[in-house]
Every structure is written in C-alpha cells, then in structure tokens.
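Here is what each chain is made of, one letter per residue.
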Amino acid sequence: MLRNNIIAIVAISFIAVGAMWGIGNLLNPPEEAELPNVEGVLLVARDNLFNGTNPDIHVKVGVPKKLVVVNNDFSRHDLVVDELNLNTAYLRGGQDFKTAIVTEEPGVYEYYCSLHPDTMRGKIIADP
Ligand SMILES: [Cu+2]
C-alpha cells in the first residue's frame, strides 16, 4: 500500500514538473519564433561535402541571411568565407554554428571548409 502511494506521488510529481515545463515554454517561446521573417540557409557537413552538392547560396546585398552550419560527420569541419569575415571554427560531429551572411557588395564569395578545401567548396552569390 505504502509502495503504491510512493509510486503515485512520483508519478504526480513527474506530471507536475512536465506541466510547469510546458507552461514555461508557452511563456518563453524559443527565440526562433520571434524572427519569422528571417530567411535562412542550412548547410550540413557530411561525407566531406556540404548538403551533398555544395549548393550555391543566393543572397541580396545588404539583406542578412541566417546561416546554420551543422556537422553530421565523423570528422571535424568548419566553414570559412574569407571576404565576409565568416568562420565557424572547427565543429566536431554533432556540433552546429549559427551566424549570418551579410554582404555589402554584389559578387561571388567562396565558402569552404579549411580542412577539406578540395571537396567542400561552394559559392555565395550576392545580387544587388
Ligand atoms: Cu571539412
């Protein structure tokens, strides 16, 4: 009988904590939800490629574009754009880095991984 009561108390405690956590999330929505108009790009490093194809990234001059770099590989990777002062530093597998692409001049900017520049290389194209 006592044992059943203890189990019930533990179960109720879990429900209470869960409910508080849920309410807390409602009151403090993640930051992401406050920026619905920011367009973003996700680059996933895997098998020594970005997104499998090192895709072109199109941006407009003067309009920041959110960039998330995720390393889903076993080896370390980074993402560097020399002309834009963009550098994620080395990311281990499972790590990510959130930043923004900001351009002031139209043109083509190369992004690459400093550890695998031969296979992990693509273009950021900034249109006026
Ligand atoms: Cu790499």
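For the structure given in this document, a descriptive report is provided here.

Around the copper ion, the protein contributes the donor atoms H77 (ND1), C113 (SG), H116 (ND1) and M120 (SD), at 2.0 to 2.6 Å from the metal centre. One can describe the donor arrangement at the copper ion as irregular, given that its 4 donor atoms subtend angles of 83 to 134 degrees at the metal.

The 4 strands lie next to each other as β2-β1-β4-β7, forming an open sheet whose pairing is mixed. A single partner strand is all that each edge strand has here, and the edge strands are β2 (49-50) and β7 (96-101). Relative to strand β4 (residues 65-71), strand β1 (residues 40-46) is paired through 6 bridges, and the arrangement is parallel. Residue pairing in the sheet places V41 in a bridge with L67 of β4.

Moving on: the pattern of salt bridges. By the definition in use, this model includes 2 salt bridges. Linking K98 and D96 is a salt bridge whose minimum nitrogen-to-oxygen distance equals 3.0 Å. A salt bridge links R121 to E110, with the nearest nitrogen and oxygen atoms 3.2 Å apart. Linking R121 in strand β9 (residues 121-127) with E110 in strand β8 (residues 107-112), this pair joins segments that are 11 residues apart in sequence. On the accessibility criterion, R121 (34% relative accessible area) is partly exposed. The exposure class assigned to E110 is partly exposed, which follows from its relative accessible area of 33%.

The rules we used
Residues numbered from 1 in each chain as written. Predicted model: local features only at pLDDT ≥ 70, side-chain atom pairs only at ≥ 80, totals over all residues. Heavy atoms only, no water. Donors = N, O, S within 2.8 Å, 3.2 Å for Na, K, Ca; no water. Tetrahedral: all angles 85-135°; square planar, octahedral: opposite > 155°, others 65-115°. Pairing = 2+ DSSP bridges. Helix = DSSP H or I, 4+ residues; strand = E, 2+ residues; numbered from the N terminus. Salt bridge = Lys/Arg side-chain N within 4 Å of Asp/Glu carboxyl O. Buried < 20%, exposed > 50% of the residue type's maximum accessible area, 1.4 Å probe, protein only.

No statement about biological role is implied by the geometric values presented.
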